[in-house]
Number of protein chains: 2
Amino acid sequence: MDQNPRMAKAAPPPSGTTQDRILAAAEALFCEVGFAGVSARDVALRAGAQKALVFYYFHSKEGLFEAVLSRYYDAHQAALAEALAAAGTVRERMHRLVDAYLDFMARHSAYARLVQAELSNPSTHPLVEKNFAPLYRFVEDALGEVAPDEGRAAARQLFVTFQGAVLNWCTYAPLLSRVWGQDPLAAPLLEDRREHVRWLVDLVLDALERSPASARRAAPAARPKGGRAAARGARSRASGRVTPRAR
Amino acid sequence: MDQNPRMAKAAPPPSGTTQDRILAAAEALFCEVGFAGVSARDVALRAGAQKALVFYYFHSKEGLFEAVLSRYYDAHQAALAEALAAAGTVRERMHRLVDAYLDFMARHSAYARLVQAELSNPSTHPLVEKNFAPLYRFVEDALGEVAPDEGRAAARQLFVTFQGAVLNWCTYAPLLSRVWGQDPLAAPLLEDRREHVRWLVDLVLDALERSPASARRAAPAARPKGGRAAARGARSRASGRVTPRAR
DNA sequence: GGTCCATTTGACCGATCGGTCAAGATTCGT
DNA sequence: ACGAATCTTGACCGATCGGTCAAATGGACC
């Protein structure tokens, strides 16, 4: 009886402050079993701390979740910003963006699954939205360089498509792994995926370069037609911006 | 968390047997708040039944979840099968498949979100896998008509890409709706999405027809080259394996 | 010494959870 | 009409949940 060593404590050595250890434990646990599946007692146990300390430092379970989420989104946005910062042709920068996204998601697939999981929970997805919105605007700005505002190749369409092409490979990995008998996030299959997404990006960019007007065909009303990037830049407020566009 | 969705108790539609009413209530609740967020008491309350009846008919909460899941997957697979059944060129059938998928997911976006949510839960995703696997093989067989087995345009790559392009539009709808100020699942935006996915399908099919060899470039070994669908059918019937990898 | 303040502890609370049970009510074959 | 099988009820169980609290620690400054 007594304390069963079945629950991995993983970090009983006093690495970092108590607050950091709780945050790290919560991070791991939320990703493993989702928000509802984690109890404050579990978090404290893995952090080698007392349950009450969870509430002392983070006030509530939702506060803890929020802390974990924003830490992740910061890393997420930083990874994408770095990929977009360097110079190069539009095509090179798109490839870098998609590469960085794939690498980040493959490394943090549990986090990606967590976010997708909480999407269905109406009480927690305001938290997700708060982090998602600036990230979306950031990427949409980047896509606005190559894609029109409306029509069947609009920036928002490409965003969802490329985002889904990369993300679902990672979030569906546990399922696909069983169906295929191989891990989609391990070296051979992950590189296959990278090849595919790059191929897809090139396909779309070729089509956009070949006939930029036809891609916009489905858009009915003529729009005021200011500089597209300028209009878009004005829309995204100054606060959320991370990297000024270098072209 | 919040007790908003709990208050839906009185005036249960006397339609159907008690078992059906419980199943319908569970369906709605699981989609609203996920597996962990639903209690047997909630289900019984909404169904206008007694809590013990949930366990009488479905043995456990997981049994109830399994019943809900398989009912949904049956409808899902039926929708896709109908789209693939009719005759036509490969391109027409691919368009119909994607259309049917988009329509089904737009109508059942809550279900799509539920499935994605439970993907992160290792204790429930065997249940999801049991339903996902045959559906995957079914669609992969269809894709095998147009796509090679390996390389950057392999059937499995296209599956994840198109599936993600359609599905994420629906599962991310609550988030995108707030960012855009419009509902992605309502008429105007949903048709925009359909245009985009059709455009994307054409882009890929054109590329595959133009140079079927180059798409397969990354695949080194020459394969026996029997009828692709036949070989795939035999393979998937025989065992869980889909494609032996040579690299 | 003493005092202040952030940190830590362990016991405690009410509510809710999934699941069981024995006994009543209803339906049905005969 | 009668017993058997099926369905329904409400009370009940042990466990766990998020969250609180008063008291104990321990170091920093005077």
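Cut-off values and rules
- Residues numbered from 1 in each chain as written.
- Chains lettered and ligands numbered in written order.
- Predicted model: local features only at pLDDT ≥ 70, side-chain atom pairs only at ≥ 80, totals over all residues.
- Heavy atoms only, no water.
- Least-squares fit on C-alpha atoms with pLDDT ≥ 70 in both.
- Contact = heavy atoms within 4.5 Å.
- Phe/Tyr/Trp six-rings, centres within 6.5 Å; stacked < 30°, edge-to-face > 60°.
- Helix = DSSP H or I, 4+ residues; strand = E, 2+ residues; numbered from the N terminus.
- Near = heavy atom within 4 Å.
- Polar contact = N/O pair within 3.5 Å; in protein donor to acceptor, adjacent residues only side chain to side chain.
- Buried area = accessible area lost by both parts, 1.4 Å probe.
- Salt bridge = Lys/Arg side-chain N within 4 Å of Asp/Glu carboxyl O.
- Nonpolar A, V, L, I, M, F, W, Y, C, P; charged D, E, K, R; others polar.
- Domains from an automatic or database assignment.
- Buried < 20%, exposed > 50% of the residue type's maximum accessible area, 1.4 Å probe, protein only.

Things to note about the relation of the copies chain B and chain A
Of the two same-sequence chains, chain B is brought onto chain A (RMSD 0.1 Å, axial shift 0.0 Å) by a rotation of 180°. Taken together, the turn and the small shift mark the pair as related by a two-fold rotation axis. Nearest to the rotation axis, the C-alpha of Ala117 of chain B is located 1.7 Å from it, this being the minimum over chain B. Residue by residue, 88% of the interface of chain B is reproduced at the interface of chain A, so both copies engage with the same surface.

With respect to the packing of aromatic side chains
Residue and element names in this part refer to chain B. Here the structure, examined in full by the defined rule, presents 26 aromatic pairs over all chains. Relative to Tyr57, the ring of Tyr56 has its centre 4.9 Å away and its plane inclined at 80°; by these criteria the two rings are edge-to-face. With centroids separated by 6.0 Å and ring planes inclined at 85°, the aromatic side chains of Tyr73 and Tyr111 adopt a geometry described as edge-to-face. Residue Tyr73 is located in helix α4 (residues 61-85), and its partner Tyr111 is located in helix α6 (residues 109-118); the two are separated by 38 residues in the primary sequence.

Brief notes about the protein's contact with DNA strand D
Around DNA strand D, 15 residues are found, and the nearest of them are Ala40, Lys51 and Lys61 of chain A together with Thr18 and Tyr57 of chain B. The separation between a phosphate oxygen of DNA strand D and a polar main-chain atom of Val38 of chain A is 3.0 Å. Within the side chain of Tyr57 of chain B, a nitrogen or oxygen atom sits 2.7 Å from a phosphate oxygen of DNA strand D. Elements with a minimum of two residues in the surface near DNA strand D: α2 (40-47) and α3 (51-58) of chain A together with α3 (51-58) of chain B.

As for the interface of chain B and chain A
At the interface, 56 residues of chain B touch 57 residues of chain A. Summed over both partners, the interface of chain B with chain A buries about 5,600 Å², with 63% contributed by carbon and sulfur atoms. Linking chain B to chain A there are 2 salt bridges. The partner of Arg178 of chain B in a salt bridge is Glu129 of chain A, and the shortest N-O contact between them spans 2.9 Å. For the interface between chain B and chain A, the tally reads 15 residue pairs in polar contact (both at pLDDT 80 or more). With 12 residues, the top contributor of residues to the side of chain B that touches chain A is helix α8 (residues 155-171) of chain B. Residues of the side of chain B that touches chain A, tallied by class, amount to 30 nonpolar, 12 polar and 14 charged.

Some points on the protein's contact with DNA strand C
Taken together, 16 residues are adjacent to DNA strand C, and Thr18 and Tyr57 of chain A together with Ala40, Lys51 and Lys61 of chain B come closest. Note that a phosphate oxygen of DNA strand C is positioned 3.2 Å from one of the side-chain N or O atoms of Ser39 of chain B. For DNA strand C, a phosphate oxygen lies 2.8 Å from a polar atom in the backbone of Lys61 of chain B. Residue assignment for the surface near DNA strand C shows that the elements contributing at least two residues are α3 of chain A together with α2 (40-47) and α3 of chain B. In terms of residues, the surface near DNA strand C owes the most to one element, α3 of chain A, which gives 4 residues. Here the surface near DNA strand C is composed, by residue class, of 8 nonpolar, 4 polar and 4 charged.

Focus on the domain arrangement of chain A
For interface size, the figure often reported is the accessible area lost on association. Residues and elements named next belong to chain A. According to the domain assignment, chain A consists of domain 1 (1-59) and domain 2 (68-235). In this assembly, 7 residues from domain 1 lie in contact with 8 residues from domain 2. Taken over both partners, the interface formed by domain 1 and domain 2 buries close to 760 Å², and the fraction arising from carbon and sulfur atoms is 67%. Between domain 1 and domain 2 we count 1 salt bridge in total. Across the pair Glu27 and Arg71 runs a salt bridge, and its minimum N-O distance is 2.6 Å. For the pair domain 1 and domain 2, the number of links is 1 residue pair in polar contact (both at pLDDT 80 or more). Among the residues making up the side of domain 1 that touches domain 2, the classes are represented as 5 nonpolar, 1 polar and 1 charged.

Notes on the pattern of salt bridges
Residue and element names in this part refer to chain A. Inspection of every chain in the model, using the stated rule, returns 26 salt bridges over all chains. We note a salt bridge from Arg46 to Glu32, for which the minimum N-O separation is 3.4 Å. One end of the pair, Arg46, is in helix α2; the other, Glu32, is in helix α1 (residues 18-33), with 14 residues separating them in the sequence. A salt bridge links Asp103 to Arg194; the shortest N-O distance between them is 2.9 Å. Taken together, the positions of Asp103 in helix α5 (residues 90-107) and Arg194 in helix α10 (residues 187-210) put the pair 91 residues apart, joining distant regions of the chain.

Digging into unusual backbone geometry
All names here are of chain A. The phi torsion at His59 lies on the positive side, around 70°, for a residue other than glycine. With respect to the helices and strands, the residue His59 is situated in the loop between α3 and α4 (61-85). Of the residues examined, His59 reaches a relative accessible area of 68% and is grouped as exposed.

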